[in-house]
Amino acid sequence: MAHPSQLGFQDAASPVMEELLHFHDHALMIVFLISTLVLYIIIAMVSTKLTNKYILDSQEIEIVWTVLPAVILILIALPSLRILYLMDEINDPHLTIKAMGHQWYWSYEYTDYENLGFDSYMIPTQDLNPGQFRLLETDHRMVIPMESPIRVLVSAEDVLHSWAVPSLGVKMDAVPGRLNQTAFIASRPGVFYGQCSEICGANHSFMPIVVESVPLEHFENWSSLMLKDA
Amino acid sequence: MIKTMYQHAKKHPGLIPQFFFVFLGISGASVYLLRLARGPHVSWDSRNNPEPWNKLGPTYQYKLVAVTTDYKRLKKEGPDF
């Protein structure tokens, strides 16, 4: 989850998010280099004692400042396209979960083998236990087996919502009447938080998403328990 | 126009990379536009062939570059329209 005064991304919990993180580091480094160079040039131009500063024509520098930005852009484009193709690969998921957005909660349906469905409401601040996170915890978490490709079908029952979990690198709009698909692999066990990412009314900020990734046996135990309770 | 470009480039060699990249950009954009126009992405004949993208089989390669997907082995998932 996010922590106070955080500047960068949350720690990656899926391979795609790791790639996105590294690509962001790469692009940001290029941006820093360019900004430092420009700042240096500005300071050098402004603080020199030379009198003849305004040279109007030079072929070499024209070649350099045409070719160098083109090369930099290619260096940004190639990793970007690589990740684009990586995110879109056909991945043969082990489990399909439907995440339906309502005003103002999410409901999850695991219908591959049995019919398991439950709602996931935010825990109000006054009911939190010590150590729980304000505006982020829910009563039922979406539990998934770790290291398995999961497909999530996202839709909405009333207005637009958006199912987002930043540490898994996933965001997919929930459009009523439309089924959107996203997929991910949780590479480690853990609890990953996200929040609804499309304005949907009064409690838009109060319908979080919690994904809990556990080993497969624990997932099977959890789903049998949930089926019994329902 | 080409002759003028050539004469300018001889006098100012700094123009050469600029011409090159502009040419690359224009040709890349037109090649891609032609690829889209010739493929099943555009509806040219609204009476006889209104939605050509609905007639593709599951083995159609819709991406520009096939990195790891083996398109020949894909099967159709889901029901027909």
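This is a predicted model, so every value here is computed, not measured.

Asks: Explain the overall build of chain B to me, please; I cannot follow it from the model alone.
Replies: From N to C terminus, chain B includes two helices and zero strands. Since a compact globule built from 81 residues should have a radius of gyration of about 12 Å, the 21 Å found for chain B marks it as more spread out than a globular shape. The principal-axis extents of the C-alpha atoms in chain B amount to approximately 65 × 35 × 15 Å. By sequence separation, contacts in chain B at least 24 residues apart represent 14% of the contacts at least 6 residues apart. If you sum the accessible surface of chain B, you get close to 7100 Å²; carbon and sulfur atoms cover 63% of it. One way to put it: in chain B the 12 positive side-chain charges average out to a point 18 Å from where the 5 negative ones average out.

Asks: Is there a simple way to explain the sheet that holds strand β4 (residues 142-145) of chain A in this structure?
Replies: Two orientations exist for strands paired in a sheet by backbone hydrogen bonds: parallel and antiparallel. Residue and element names in this part refer to chain A. Taken in spatial order, the three strands make up an open sheet running β4-β10-β9, and their pairing is mixed. Looking at which strands have only one partner, the edges of the open sheet turn out to be β4 and β9 (190-195). Shown here is a sheet whose adjacent strand axes are inclined to one another by a mean of 25°, direction ignored. Here four bridges tie β4 to strand β10 (residues 208-214), and the two strands are oriented parallel to one another. By the bridge assignment, Ile144 is partnered in β10 with Ser213. Of the strands in this sheet, β4 and β10 are in contact with helix α3 (residues 216-229), which crosses β4 at around 140°.

Asks: Help me out: how do you make sense of the nonpolar core in this one?
Replies: The nonpolar side chains of a soluble globular protein tend to be buried with one another. Residue and element names in this part refer to chain A. Membership of the largest hydrophobic core comes to 33 residues, with the highest contact counts inside it found for Tyr108, Tyr110, Met142, Trp163, Leu168, Phe184 and Val211. A per-element tally of this core places strand β5 (residues 149-156) first, with four residues. Dropping the residues within four chain positions of it, Leu168 is found in contact with Ala13, Ser14, Met17, Phe184, Ala186, Phe192 and Val211.

Asks: For this particular structure, what's the right way to read the UniProt feature "transmembrane region" (unreviewed entry) in chain B?
Replies: Here the UniProt-annotated "transmembrane region" (unreviewed entry) positions come out as residues 15-34 of chain B. Between the end C-alpha atoms of residues 15-34 of chain B the distance is 28 Å, and the span holds 100% helix and 0% strand.

Asks: Would you mind going over the interface of chain B and chain A with me for this structure?
Replies: How big an interface is tends to be reported as the loss of accessible area on association of its parts. Each partner contributes to the interface: chain B provides 15 residues, whereas chain A provides 11 residues. Interface of chain B and chain A: buried area, both sides summed, is about 1100 Å²; carbon and sulfur atoms make up 62% of it. Broken down residue by residue, the surface that chain B buries against chain A is led by Pro17, Phe21 and Lys63 of chain B, which jointly contribute 35%. In terms of residue class, the side of chain B that touches chain A is made up of eight nonpolar, five polar and two charged.

Asks: What is the right way to look at the packing of helix α1 (residues 15-46) of chain A against helix α2 (residues 59-87) of chain A in this model?
Replies: The relative placement of two packed helices comes down to the angle between their axes together with the axis-to-axis distance. All names here are of chain A. Axis separation between α1 and α2 bottoms out at 10 Å; the angle between their running directions is 170°. As far as their axial angle goes, α2 and α1 are roughly antiparallel. In terms of crossing hand, the pair formed by α1 and α2 is left-handed. Where α1 abuts α2, its residues Val16, Glu19, Leu20, Phe23, His26, Ile30 and Ile34 lie against Ile72, Leu75, Ile76, Pro79, Ser80, Arg82, Ile83, Leu86 and Met87.

Asks: Would you mind showing me how to read the side chain of Ser107 of chain A here?
Replies: Residues and elements named next belong to chain A. Residue position: Ser107 is located in strand β2 (residues 105-110). Separated by 2.8 Å, the side chains of Ser107 and His102 make a polar contact. Setting aside chain neighbours within four positions, we find Ser107 in contact with Lys98, Ala99, Met100, His102, Phe118 and Asp119.

Asks: Hey, could you run me through the layout of surface pockets in this one?
Replies: Once rolled over the atoms, a probe with the size of a water molecule shows which space is left empty. Residue and element names in this part refer to chain A. Looking at the second largest pocket, its volume works out to about 620 Å³. Surrounding the second largest pocket, 20 residues form its lining, Ile41, Ile61, Glu62, Val64 and Trp65 being those nearest its centre. For the lining of the second largest pocket, the elements supplying multiple residues, two or more each, are α1 and α2. In terms of residues, the lining of the second largest pocket owes the most to one element, α2, which gives eight residues. Of the residues belonging to the lining of the second largest pocket, the class tally is 15 nonpolar, two polar and three charged.

Asks: Would you mind showing me how to read the domain arrangement of chain A here?
Replies: Considered domain by domain, chain A is made up of domain 1 (15-49 + 57-88) and domain 2 (95-229). Taking only C-alpha atoms into account, the centre of domain 1 of chain A sits 38 Å from that of domain 2 of chain A.

Asks: I tried to follow the packing of aromatic side chains on my own but got confused; where do I start?
Replies: Centre distance and the angle of the planes are the two values used to describe a pair of aromatic rings. Residues and elements named next belong to chain A. Scanning the entire structure with this criterion turns up 10 aromatic pairs over all chains. The interplanar angle of 20° and the centroid separation of 4.4 Å between the aromatic rings of Tyr105 and Tyr121 together place this pair among those described as stacked. In this pair, Tyr105 is assigned in strand β2 and Tyr121 in the loop between β3 (116-120) and β4, connecting sequence segments 16 residues apart. When its relative accessible area of 15% is taken as the criterion, Tyr105 is described as buried. Overall, the relative accessible area of 39% leaves Tyr121 in the partly exposed class. Through pairs of rings, three or more aromatic residues link up here, namely Tyr108, Tyr110, Phe118, Phe219 and Trp222.

Conventions adopted
Residues numbered from 1 in each chain as written. Chains lettered and ligands numbered in written order. Predicted model: local features only at pLDDT ≥ 70, side-chain atom pairs only at ≥ 80, totals over all residues. Heavy atoms only, no water. Helix = DSSP H or I, 4+ residues; strand = E, 2+ residues; numbered from the N terminus. Rg over C-alpha atoms; globule rule 2.2 N^0.38 Å. Contact = heavy atoms within 4.5 Å. Areas by Shrake-Rupley, 256 points an atom, 1.4 Å probe, with all protein chains shown as cover. Lys, Arg positive; Asp, Glu negative; His and termini not counted. Charge placed at Lys NZ, Arg CZ, Asp CG, Glu CD. Pairing = 2+ DSSP bridges. Axes fitted to C-alpha atoms, helices over the stretch in contact; angles between N-to-C directions. Core = buried A, V, L, I, M, F, W, Y, C linked by side-chain atoms within 4.5 Å. Buried < 20%, exposed > 50% of the residue type's maximum accessible area, 1.4 Å probe, protein only. UniProt positions renumbered as here; feature names shortened; annotations may be inferred. Buried area = accessible area lost by both parts, 1.4 Å probe. Nonpolar A, V, L, I, M, F, W, Y, C, P; charged D, E, K, R; others polar. Parallel < 35°, antiparallel > 145°, perpendicular 65-115°, else oblique. Left-handed = near helix turned anticlockwise from the far one by under 90°. Polar contact = N/O pair within 3.5 Å; in protein donor to acceptor, adjacent residues only side chain to side chain. 1 Å grid on protein atoms, 1.4 Å probe; cavity = no way out; pocket = protein on both sides within 12 Å on 5 of 7 lines; lining within 4 Å. Points joined across faces, edges and corners; volume = space filled by probe spheres on them. Domains from an automatic or database assignment. Phe/Tyr/Trp six-rings, centres within 6.5 Å; stacked < 30°, edge-to-face > 60°.

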